[in-house]
Amino acid sequence: MSIDTNMSQQIATITINNPDRLNALDANHLEGLLEAFRATAGDASVRAIILTGAGETAFVAGADIKEMSTMSPEEAMRFGRLGHAVGSAIERTPQPVIAAINGFALGGGCELALACDIRICSTNAVFAQPEVGLGIPPGWGGTQRLPRTVGKGIASDLIFTGRRIRADEALRIGLVNAVHEQDSLMEHASVMAREIAGNSPAAVRLSKRLIARSQDAHPSSGLAEEAHGFAEAFGMHDQQEGMSAFFEKRKPVFENEPHLELEGDA
Ligand code: DAK
């Protein structure tokens, strides 16, 4: 079992590699994910990140039920906070994160995908928040991110019933952006990541930061931040290069960001 990071063409692919247990996440995996996202966040050569699960059955079949089954409330608090730290690391990573969901995304697996910026899945993907059937509520952000993604009513249905939904329903309710055949999922994720990687890293980072504000800020303060973010871009190399390239009818050559770090890190 491991968390593997593969770098190619300015794109980092992070793979949760524990297919025998359907990539279920225990505390070690969560620590590994945290480390992987911290490393990629600080790597100026990385322009987009793909997160996926090893094998053809599961993205992540949830938190490790075996590990959870004997936890005390204090241990559960630590486990829940570790899951939250991973979700926050994904959200605060300057580069966009695409979840390539290649099968089951249950419980903590669905919550992990929800922390990503974009979700695409294979035709065999199955989603659920089945926690209430195990006697617990969702604990890695599902009660907060699912309602913001699909709306309170649909999120309540999914969380209260714990029912499983297939890829077509996930697409219909806006839980995923697109559905692809299993054997072309990673290629579609790469194409999207390369498209992002071709744009200005500075402008993409600013955009990610501003989109994040739409989730928690009042629209008027979000718009005020947008004005600042927009102004921040002017005078930067990429703004001058992007606009010059337009007039010179050539492809712009954008700069890697010199000092990438997790937003909010000291
Ligand atoms: N945990 C541990 N092991 C798991 C697992 C999981 N979530 N899911 C699968 N496995 C293991 C199975 O036990 C089996 O192991 P062996 O028996 O071979 O040793 C192996 O993976 C293959 O699974 P199956 O034999 O069951 O495979 P099938 O194809 O028959 O079924 C399945 C696939 C995904 C339908 C089934 O494995 C399944 O129902 N898995 C559990 C899915 C689930 O309920 N997931 C949600 C877990 S709850 C919190 C923190 C976190 C959370 C909540 C609160 N706080 C601290 C507040 C998050 C909770 C969850 O994610």
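Residues numbered from 1 in each chain as written. Predicted model: local features only at pLDDT ≥ 70, side-chain atom pairs only at ≥ 80, totals over all residues. Heavy atoms only, no water.

If you had to explain the nonpolar core to someone new, which residues and values would you point to?
Core analysis: the largest hydrophobic core is formed by 46 residues, its most contacted members being L33, L51, I101, L112, F127 and L175. Excluding anything up to four places from it in sequence, L51 contacts I14, I16, L33, F37, F59, I90, V97, I98, A99, A100, L112 and C116. If you look at the next biggest cluster of nonpolar residues, it comprises twelve residues, including I11, I118, L185 and A189. (Core = buried A, V, L, I, M, F, W, Y, C linked by side-chain atoms within 4.5 Å. Buried < 20%, exposed > 50% of the residue type's maximum accessible area, 1.4 Å probe, protein only. Contact = heavy atoms within 4.5 Å.)

So what about the sheet that holds strand β8 (residues 126-128)? Which residues, and what values?
One open sheet accounts for four strands, arranged β4-β6-β8-β9; its pairing is mixed. Bordering the open sheet on either side are β4 (58-60) and β9 (165-166), each of which pairs with just one other strand. As paired strands, β8 and β9 are joined by two bridges and run antiparallel to one another. Bridging from a neighbouring strand, F127 pairs with I165 of β9. (Pairing = 2+ DSSP bridges. Helix = DSSP H or I, 4+ residues; strand = E, 2+ residues; numbered from the N terminus.)

Now, about helix α10 (residues 219-233): what can you tell me, with residues and values included?
The end-to-end C-alpha separation of α10 is 21 Å, in line with the 21 Å expected for 15 residues at 1.5 Å each. Buried residues of α10: G222, G229 and A233, and no others. End-on, the buried residues of α10 take up no more than an arc of 40 degrees, which puts them together on one face. Exposed residues pointing more than 90 degrees away from the buried face of α10 are listed as L223 and H228. In this fold, the buried residues of α10 make contact with α9 (201-216) and α11 (237-247). A positive phi of about 95 degrees marks G235, the residue just after α10. (Expected span 1.5 Å × (residues − 1). Arc of directions from axis to C-beta.)

Outline the site of the ligand, listing residues and values.
Around the ligand, the surrounding shell holds 25 residues, and the nearest of these are A61, A63, I65, A76 and G108. Between the ligand and A61 there is a distance of 2.9 Å, counted from a nitrogen atom to a backbone nitrogen or oxygen. A distance of 2.8 Å is found between an oxygen atom of the ligand and a backbone nitrogen or oxygen belonging to A63. For the ligand, whose free accessible area comes to 1,100 Å², the fraction covered by protein is 64%. Mapped onto the shell around the ligand, the elements with two or more residues apiece are α2 (65-68), α3 (73-92) and β6 (104-106). Of the residues forming the shell around the ligand, the biggest block, three residues, is contributed by α3. (Near = heavy atom within 4 Å. Polar contact = N/O pair within 3.5 Å; in protein donor to acceptor, adjacent residues only side chain to side chain. Areas by Shrake-Rupley, 256 points an atom, 1.4 Å probe, with all protein chains shown as cover.)

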